[in-house]
Amino acid sequence: MAILNTPLPASAPIKDDVYKEGNISYVKLPPLDVSAAFPQATPASVFPPCTSDYYQFDDLLSAEERAVRLKVRECMEKEVAPIMAEYWEKAEFPFQIIPKLGALRVAGGTIKGYGCPGLSVTANAIATAELARVDASCSTFILVHSSLAMLTIALCGSEEQKQKYLPSLAELKTVGCWGLTEPNNGSDASGLNTTATKVDGGWMIEGQKRWIGNSTFADVLVIFARNTTTNQINGFVQFFSKNVSLSWLLLGYLTRALPPFELAFGVGSPLSYINGIRANLGVGGLEEASRDPTRTFIVKKDAPGLTSTKIANKIGLRMVQNGDIVLKKVFVPDEDRLTGVNSFQDTSKVLAVSRVMVAWQPIGICMGVYDMCHRYLKERKQFGVPLAAFQLNQQKLVQMLGNVQAMLLIGWRLCKLYESGKMTGGHASLGKSWITVKARETVALGRELLGGNGILGDFLVAKAFCDLEPIYTYEGTYDINTLITGREVTGIASFKPASRSRL
């Protein structure tokens, strides 16, 4: 112990081995289990009961939708809650839960047949929220897989291809992702640098993608690139299967005139042009794009030049494996073509449901945060009474509760507008932007209520606080989404600075 009591000269280098040799024995012990270290409140590994449905939103749901809510909630609370803090800390995905998520039979969402559940849009949204209530990373994993990859196959594939691939994806025996975002192109999705060049017998893809969720282990990879012949944006969808040697490639023509969208990590999809195309885009070229045939190809999984590597050091959605995709002269042969897509409009159908689902992720996050805070304030005591006995704490808790009710009702109405065919891009953008900004407020209040435990992943709120940030950004930033709605209600686009009046 003498070495610890002897001060080192100011100029002496500090060496780890000096302290290791003289350290007291308990320094190397693992941390106490949180239940032993803080016995006054229950951690999120034992997830709290749902107390956030104050206005009895459940009454608005059908029996099918309530059944979906119940089975997803039970699975997430039992299978994911006990391990989520550990895997979030490690920034690893818990692959052992994939079969259990597959057994829920929610992958594929609204797709009918081929082993898919054929859910209503509302039931699909409820499943998304219940996943996010416990863990937002699991919700994003399913969102990318189901609302993008599987819907692409359902829309683009032939009957034979749907029969071959959708059942496996519906059971989560294979996994999908979607990639558009690039290092130099986020909100400005129309400025893609990845290129597709026509060569003898096929296409050569060259470029780089970033922030693509699920991409490091996905069996289904979706890539968008610019056709060097027409200078238009082409969407390449490569379907990879661990057990199948071929992949599929969707070529969807868009136009350079598309407005900017933020495409950050997680979903990484072309965003708000998916709905209300006539009124929402308000720019030329779309009709021309819709006349161009969209081509779909089959490509081998081990195509030379294709790699995907994990992005490190994220502070949010840490369990989601976001990747950098590099394509170095990836060849796609002409003969590997599918004929199930004939226009850009078909591609927009794939993306429409995804936009609604993303608005439900922050709803689920806030439900979980409220449930956690409600239990914590009743368990944790200071000055001899529960924290729930203090006026300021009750005020914050009720403010959170009011936000959750409003978010639920806006999300529900968005689903009903979609189901009735009335939803526009402006509706979806307002829903996503308003819900996420209210979610930020709600989670911040929860962080205050938990005090020091509000920065620990063990009590959910800190983890949810961080997980909400990427959701606030992807599928359109708050600012971009407000401009989309603003354009719809005013008829004036204001995405870029203009040298002359737009009027």
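Because the structure is a prediction, the values reported are computed rather than measured.

**Digging into the pattern of salt bridges**
Phase 1: Taken as a whole and assessed by the stated rule, the structure comprises 17 salt bridges.
Phase 2: A salt bridge links Arg-210 to Asp-324, with the nearest nitrogen and oxygen atoms 2.7 Å apart. Here the residue Arg-210 occupies a position in strand β4 (residues 202–213), and Asp-324 occupies one in strand β10 (residues 322–333), the gap between them amounting to 114 residues.
Phase 3: Note on Asp-324: relative accessible area 14%, which makes it buried.
Phase 4: Of the charged contacts in the structure, one is a salt bridge between Glu-419 and Lys-416, with a shortest N-O distance of 3.2 Å. Pair noted here: Glu-419 and Lys-416 are both in helix α13 (residues 391–419), with a separation of three residues, about one helical turn.
Phase 5: Residue Lys-416 is classed as partly exposed on the basis of its relative accessible area, which comes to 21%.
Phase 6: One network of salt bridges, with partners in common, ties together Asp-58, Arg-69, Arg-73 and Glu-130.

**Observations concerning the packing of helix α14 (residues 425–449) against helix α16 (residues 478–490)**
Phase 1: Two elements in contact, α14 and α16, have axes whose closest approach is 8 Å; the angle formed by their N-to-C orientations is 145°. Considering how the two elements wind past one another, α14 and α16 form a crossing that is left-handed. Contacts between α14 and α16 pair Gly-425, Gly-426, His-427, Ser-429, Leu-430, Lys-432, Ser-433 and Val-437 from the former with Tyr-478, Asn-481, Thr-482, Ile-484, Thr-485 and Glu-488 from the latter.
Phase 2: Counted by class, the contact of α14 with α16 contains four nonpolar, eight polar and two charged residues.

**What to know about the confidence of the model for the protein chain**
Phase 1: Model confidence for the protein chain is summarised by a mean pLDDT of 80, while 75% of its residues fall at 70 or above.
Phase 2: Contacts from residues 1–6, a stretch scored under 50 in pLDDT, to residues over four places away or in other chains number seven contacts.
Phase 3: Every residue in residues 239–300 is under pLDDT 50, and counting partners more than four places away or in other chains gives 257 contacts.

**Concerning the nonpolar core**
A general feature of soluble globular proteins is that nonpolar side chains tend to end up buried together.
Phase 1: By size, the foremost hydrophobic cluster in this structure holds 100 residues, and its most contacted members are Phe-141, Trp-360 and Ile-365.
Phase 2: For this core, the leading source of residues is helix α12 (residues 344–379), giving 16 residues.
Phase 3: When neighbours within four sequence positions are excluded, Phe-141 is seen to be in contact with Phe-93, Ile-98, Leu-101, Leu-172, Val-175, Asn-214 and Phe-217.
Phase 4: Counting residues in hydrophobic clusters, the runner-up holds 16 residues, among them Ala-196, Ile-212, Ile-223 and Ile-325.

**Describing a nonpolar patch on the surface**
Phase 1: On the surface, Tyr-54, Tyr-55, Leu-60 and Leu-409 cluster together into a nonpolar patch covering about 450 Å² of accessible area.
Phase 2: With respect to the element layout, Tyr-54 can be found in the loop between α3 (34–37) and α4 (63–80).
Phase 3: Taking relative accessible area as the criterion, Tyr-54 reaches 54% and is therefore assigned exposed.

**Let's talk about the pairing of β4**
Phase 1: Pairing of strand β3 (residues 195–199) with β4 involves five bridges; the strand directions are antiparallel. The partner of Thr-197 across the bridge, within β4, is Met-204.
Phase 2: Between β3 and β4, which follow one another and run antiparallel, lie two residues, and Gly-201 among them has a positive phi close to 85°.

**Some details on unusual backbone geometry**
Phase 1: Of note, the phi angle at Tyr-114 is positive, near 60°, even though the residue is not glycine.
Phase 2: Here Tyr-114 is to be found in the loop between β1 (112–113) and β2 (116–117).
Phase 3: Positive phi outside glycine occurs at Leu-460, with the angle close to 70°.
Phase 4: The topology assignment puts Leu-460 in the loop between α14 and α15 (461–473).

**Points about the pairing of β3**
Phase 1: One ladder, built from two bridges, connects β3 with strand β5 (residues 220–227); its direction is parallel. Directly across from Thr-195, in β5, lies its bridge partner Arg-226.

**Notes on the environment of Arg-66**
Phase 1: Among the secondary structure elements, Arg-66 is positioned in helix α4.
Phase 2: By relative accessible area, which is 34% here, Arg-66 ends up partly exposed.
Phase 3: Put simply, Arg-66 and Ala-127 are 61 residues apart on the chain and 9.8 Å apart in space, counted from C-alpha to C-alpha.
Phase 4: One polar contact links the side chain of Arg-66 to the main-chain carbonyl oxygen of Asp-58, over a distance of 3.3 Å.

**Describing helix α8 (residues 136–156)**
Phase 1: The end-to-end C-alpha distance of α8, which contains 21 residues, comes to 29 Å, matching closely the 30 Å that a straight helix rising 1.5 Å per residue would cover.
Phase 2: Of all 21 residues making up α8, 20 are buried, and the element is well covered by its neighbours.
Phase 3: Of the residues that open α8, the one with a side-chain oxygen 3.2 Å from the backbone nitrogen of Ser-137 is Asp-135.

Basis of the calculations
- Residues numbered from 1 in each chain as written.
- Predicted model: local features only at pLDDT ≥ 70, side-chain atom pairs only at ≥ 80, totals over all residues.
- Heavy atoms only, no water.
- Salt bridge = Lys/Arg side-chain N within 4 Å of Asp/Glu carboxyl O.
- Helix = DSSP H or I, 4+ residues; strand = E, 2+ residues; numbered from the N terminus.
- Buried < 20%, exposed > 50% of the residue type's maximum accessible area, 1.4 Å probe, protein only.
- Axes fitted to C-alpha atoms, helices over the stretch in contact; angles between N-to-C directions.
- Left-handed = near helix turned anticlockwise from the far one by under 90°.
- Contact = heavy atoms within 4.5 Å.
- Nonpolar A, V, L, I, M, F, W, Y, C, P; charged D, E, K, R; others polar.
- pLDDT = per-residue confidence, 0-100.
- Core = buried A, V, L, I, M, F, W, Y, C linked by side-chain atoms within 4.5 Å.
- Patch = residues over 30% accessible without salt bridge, like charges linked within 9 Å, V, L, I, M, F, W, Y side chains within 5 Å.
- Areas by Shrake-Rupley, 256 points an atom, 1.4 Å probe, with all protein chains shown as cover.
- Pairing = 2+ DSSP bridges.
- Polar contact = N/O pair within 3.5 Å; in protein donor to acceptor, adjacent residues only side chain to side chain.
- Expected span 1.5 Å × (residues − 1).

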